[in-house]
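Take a look at the letters that make up each chain.
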Amino acid sequence: MTATVMSAYGPWGIVAGGSDGVGVAFAHGTASRGINVVLVARRVPVLEAAADDIRARYGVEVRTVALDLSAAGALAELERVTSDLEVGLLVYNAGADNHSVAFLDKDLDAHLELVHRNCTAVLEAAYRFGAPMVARGRGAVVLVTSGAAWAGGATLAAYGATKAFDLILAESLWAEWRGSGVDVLGLVLGRTDTPSHRRMRDAGGESYGGELADPYDVAEQALTHLGDGPTWIHGSANPTGGSPFGALSRRDAVLAMSRGASAGKKAGVER
Ligand SMILES: NC(=O)c1ccc[n+]([C@@H]2O[C@H](COP(=O)([O-])OP(=O)(O)OC[C@H]3O[C@@H](n4cnc5c(N)ncnc54)[C@H](OP(=O)(O)O)[C@@H]3O)[C@@H](O)[C@H]2O)c1
């Protein structure tokens, strides 16, 4: 396995969804390695507080961009406001579903917003920021996905489908860009202790007894293994291995995923 020297990628990183949870942990890990960061999120006070903290701790430059990644034109705007920077690292993190219900119990517009933020915008980010990296012959792209990508499951229809999109996109770009100097990692997460996850759990009104991953461990592991793509499964005994459902029929995998989703839903958690 390859220990990453991040300064080799370039002087700036972007974390899309970088103001709390896994995203802000990526921002800390990036800044602690001397890389300047652009943080993207919607809530300005949370974004600015995260930026101030990172500046104070690591002495790097931090730029904030308040954007809704599910809105049309968001990635063109992000490219415009960072056009003066050499971006060597892109982490596309924003992606959680904070309302995991049956497919028809959610508004169509909410599904479409999720698909835009988790698919269209991810593809656009990889295209707009990946192209200059490939041209320069250096860079790294991390697409954060989920165990929900492994198989379909009840209450996971749109979310799981978007996460499968992100996984396949990351793996495909890894295959195309290997040898170009640009590393790509599809980062598969299980339940992780983030504000987003806690909001979901609190809304469910029950406590979940299972172990949650630490977002700082998640980010640190991924940043250390940027060169070990295409896929890194956080928390797995074999993080570069295959799907944990690999030995099951598709039907059994979908039933197992649905049981897991229903247990998580009872406890008010998402994956
Ligand atoms: N936490 C888990 O248990 C878990 C499990 C499996 C996979 N994952 C994956 O891990 C990633 C991170 O999850 P997370 O739990 O940290 O929560 P998250 O809600 O995906 O990420 C939170 C960050 O993204 C920003 N964000 C969310 N929606 C945005 C939007 N439309 N536009 C711009 N910024 C947006 C948030 O700030 P604002 O709200 O201010 O915009 C915040 O900075 C996701 O891709 C998720 O699918 C998480």
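On a predicted model such as this, the values are computed, not experimentally measured, just so you know.

(A) The arrangement of the overall build of the protein chain in detail. Within the protein chain one finds eight helices and seven strands. A compact globule built from 271 residues would reach a C-alpha radius of gyration of about 18 Å, and the protein chain, at 18 Å, matches this within 12%. In terms of principal-axis extent, the alpha carbons of the protein chain reach across some 45 × 40 × 35 Å. Scored against the burial criterion, the 271 residues of the protein chain give a buried share of 51%. Restricting the contact set of the protein chain to residue pairs at least 6 apart, pairs at least 24 apart contribute 74%. With the model as given, the accessible surface of the protein chain reaches about 11900 Å², and the carbon-plus-sulfur share is 53%. Counting 24 positive and 30 negative side-chain charges, the protein chain places the averaged centre of each group 3 Å from the other.

(B) Structural context of a negative patch on the surface. Judged by side-chain charge, Asp68, Asp107, Asp109 and Glu113 come together as a negatively charged surface patch. With respect to the helices and strands, glutamate 113 occurs in helix H4 (residues 108-136). Its relative accessible area of 47% is what places glutamate 113 among the partly exposed residues.

(C) Region of interest: the packing of aromatic side chains. Using the criterion set out here, one finds zero aromatic pairs in the structure. When the ring centre of tryptophan 12 is taken as origin, the NZ or CZ atom of arginine 63, which lies over that ring, is 5.8 Å away.

(D) Representation of the nonpolar core. In terms of nonpolar packing, the biggest core is built from 34 residues, with Phe26, Leu39, Ile54, Leu89, Val142, Leu187 and Leu226 touching the most fellow members. Ranked by residue count, the leading element in this core is helix H1 (residues 21-32), at six residues. Within the second largest apolar cluster, 30 residues are counted, among which are Val38, Val65, Ala74 and Leu169.

(E) Region of the structure containing the site of the ligand. Around the ligand there are 32 residues in total, and Ser19, Arg42, Arg43, Asn93 and Thr194 lie nearest to it. Within the side chain of arginine 42, a nitrogen or oxygen atom sits 2.7 Å from an oxygen atom of the ligand. Within the side chain of threonine 194, an N or O atom sits 2.6 Å from an oxygen atom of the ligand. Coverage of the ligand by the protein amounts to 98% of the 850 Å² it exposes when considered alone. Elements supplying a minimum of two residues to the shell around the ligand: H1, strand E5 (139-146), helix H5 (157-177) and helix H6 (195-204). Broken down by element, the residue count for the shell around the ligand peaks at three residues, all from E5. Considering only residue class, the shell around the ligand consists of nine nonpolar, 14 polar and nine charged.

(F) Structural detail: the side chain of arginine 117. Inspection of the secondary structure assignment puts arginine 117 in helix H4. Here arginine 117 occupies a buried position and makes no salt bridge, while the nearest side chain of opposite charge, aspartate 97, is found at 6.5 Å. At 2.6 Å, the side chain of arginine 117 forms a polar contact with the backbone oxygen of alanine 96. Those residues in contact with arginine 117, other than ones at most four positions away along the chain, are Leu69, Ser70, Tyr92, Ala94, Gly95, Ala96, Asp97 and Val122.

(G) Quick look at helix H2 (residues 44-58). If you check H2, its first and last C-alpha atoms are 21 Å apart, about what 15 residues at 1.5 Å a residue would give, namely 21 Å. Among all positions in H2, only Leu47, Ala50, Ala51 and Ile54 are buried. Buried residues along H2 cover an arc of 100 degrees about the axis, so they all sit on one side. Along H2, the residues that are exposed and aim more than 90 degrees away from the buried face are Pro45 and Ala56. Where the residues of H2 are buried, they touch H1, strand E2 (36-41) and strand E3 (62-66).

Here is what the cut-offs are and how they apply
Residues numbered from 1 in each chain as written. Predicted model: local features only at pLDDT ≥ 70, side-chain atom pairs only at ≥ 80, totals over all residues. Heavy atoms only, no water. Helix = DSSP H or I, 4+ residues; strand = E, 2+ residues; numbered from the N terminus. Rg over C-alpha atoms; globule rule 2.2 N^0.38 Å. Buried < 20%, exposed > 50% of the residue type's maximum accessible area, 1.4 Å probe, protein only. Contact = heavy atoms within 4.5 Å. Areas by Shrake-Rupley, 256 points an atom, 1.4 Å probe, with all protein chains shown as cover. Lys, Arg positive; Asp, Glu negative; His and termini not counted. Charge placed at Lys NZ, Arg CZ, Asp CG, Glu CD. Patch = residues over 30% accessible without salt bridge, like charges linked within 9 Å, V, L, I, M, F, W, Y side chains within 5 Å. Salt bridge = Lys/Arg side-chain N within 4 Å of Asp/Glu carboxyl O. Phe/Tyr/Trp six-rings, centres within 6.5 Å; stacked < 30°, edge-to-face > 60°. Lys NZ or Arg CZ within 6 Å of the ring centre and 35° of its normal. Core = buried A, V, L, I, M, F, W, Y, C linked by side-chain atoms within 4.5 Å. Near = heavy atom within 4 Å. Polar contact = N/O pair within 3.5 Å; in protein donor to acceptor, adjacent residues only side chain to side chain. Nonpolar A, V, L, I, M, F, W, Y, C, P; charged D, E, K, R; others polar. Expected span 1.5 Å × (residues − 1). Arc of directions from axis to C-beta.

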